[in-house]
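Each chain, letter by letter, is given below.
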Amino acid sequence: GSNLVMTRILMPEAFGLMAMVTTVHFALSLLSDLGIGQSIIRSPRGDEPHYLRVAWTIQIVRSAAIAAMVLVVAALLWILAPALAPPGTVYADPDLPALIAVSSVALMLSGLESTAQYIAQRQMQLKWVTILNISGQVLSLVAMVAIAQINASVWSLLWGMIIGAVF
């Protein structure tokens, strides 16, 4: 639904740029997945405070490492794209390295997420997890639309993503 709203406000190129940003995020996140949430949900010790603190610490370190890798990708794009990317493509867009670099903030914020969501899943209290996820998506959409009314650029999508991560 948010894409339908935002396509009325932004140019199609903005979605191509954000697709590249999210591709970098997903690729690095999936390649470094440690199964932290799954281990909390399935482990017999998943309710113990010490276990949860260790899992949260590992989650923060992992997100910092992914954010650092995202910054490296952004630097490589900034250096190499002008010479190697075909003109007129999303890879040659001068905003892409900056978008990817700023998006690392969202990754850092996602590492600070509470382990309470995994406890809620463990205890089958999915109502609260669902309410939180939908609320975050609605807040993100409202932020994107508001920012796009001020500045109709791809940055409104990125700031909406970051505001959703803060929530």
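Our subject is the structure listed above.
Right, let's walk through the structure included here. (Residues numbered from 1 in each chain as written. Predicted model: local features only at pLDDT ≥ 70, side-chain atom pairs only at ≥ 80, totals over all residues. Heavy atoms only, no water.)

**Quick look at the pattern of salt bridges**
Move 1: Under the defined criterion, the tally for this structure stands at 2 salt bridges.
Move 2: Put simply, E48 and R45 hold a salt bridge, and the shortest N to O gap is 3.1 Å.
Move 3: Its relative accessible area of 39% is what places R45 among the partly exposed residues.
Move 4: Across the pair R122 and D47 runs a salt bridge, and its minimum N-O distance is 3.3 Å. Here D47 lies in the loop between α3 (36-42) and α4 (49-84) and R122 lies in helix α6 (residues 116-122), a separation of 75 residues in the sequence.
Move 5: For D47, a relative accessible area of 43% gives the class partly exposed. (Salt bridge = Lys/Arg side-chain N within 4 Å of Asp/Glu carboxyl O. Buried < 20%, exposed > 50% of the residue type's maximum accessible area, 1.4 Å probe, protein only. Helix = DSSP H or I, 4+ residues; strand = E, 2+ residues; numbered from the N terminus.)

**Quick notes on the packing of aromatic side chains**
Move 1: Applying the stated rule across the entire model yields 0 aromatic pairs.
Move 2: Above the ring of W128, the side-chain terminus of K127 is found at 4.9 Å from the ring centroid. (Phe/Tyr/Trp six-rings, centres within 6.5 Å; stacked < 30°, edge-to-face > 60°. Lys NZ or Arg CZ within 6 Å of the ring centre and 35° of its normal.)

**Looking at α4**
Move 1: The terminal C-alpha atoms of α4, which comprises 36 residues, lie 50 Å apart, in line with the 52 Å expected from a rise of 1.5 Å per residue.
Move 2: A maximum bend of about 35 degrees is found in α4 at W78, where proline P82 lies one to four positions downstream.
Move 3: Those residues of α4 not exposed but buried are Y51, L52, A55, Q59, S63, I66, A67, V70, A74, L77 and A81.
Move 4: Packing partners of the buried residues in α4 comprise α2 (12-31), α3, α5 (96-111) and α6. (Expected span 1.5 Å × (residues − 1). Bend = angle between axes of the 7 residues up to and from the residue. Contact = heavy atoms within 4.5 Å.)

**Description of the environment of L126**
Move 1: Along the chain, L126 turns up in helix α7 (residues 126-150).
Move 2: Given a relative accessible area of 40%, L126 falls into the partly exposed group.
Move 3: For L126, the residues in contact, after removing those within four places along its chain, are A120 and Q121.

**Notes on the packing of α2 against helix α8 (residues 154-166)**
Move 1: Axis separation between α2 and α8 bottoms out at 8 Å; the angle between their running directions is 35 degrees. As α2 runs across α8, the sense of the crossing is right-handed. Each of A14, F15, L17, M18, V21 and H25 in α2 lies in contact with α8, whose residues at this interface are V154, L157, L158 and M161. (Axes fitted to C-alpha atoms, helices over the stretch in contact; angles between N-to-C directions. Left-handed = near helix turned anticlockwise from the far one by under 90°.)

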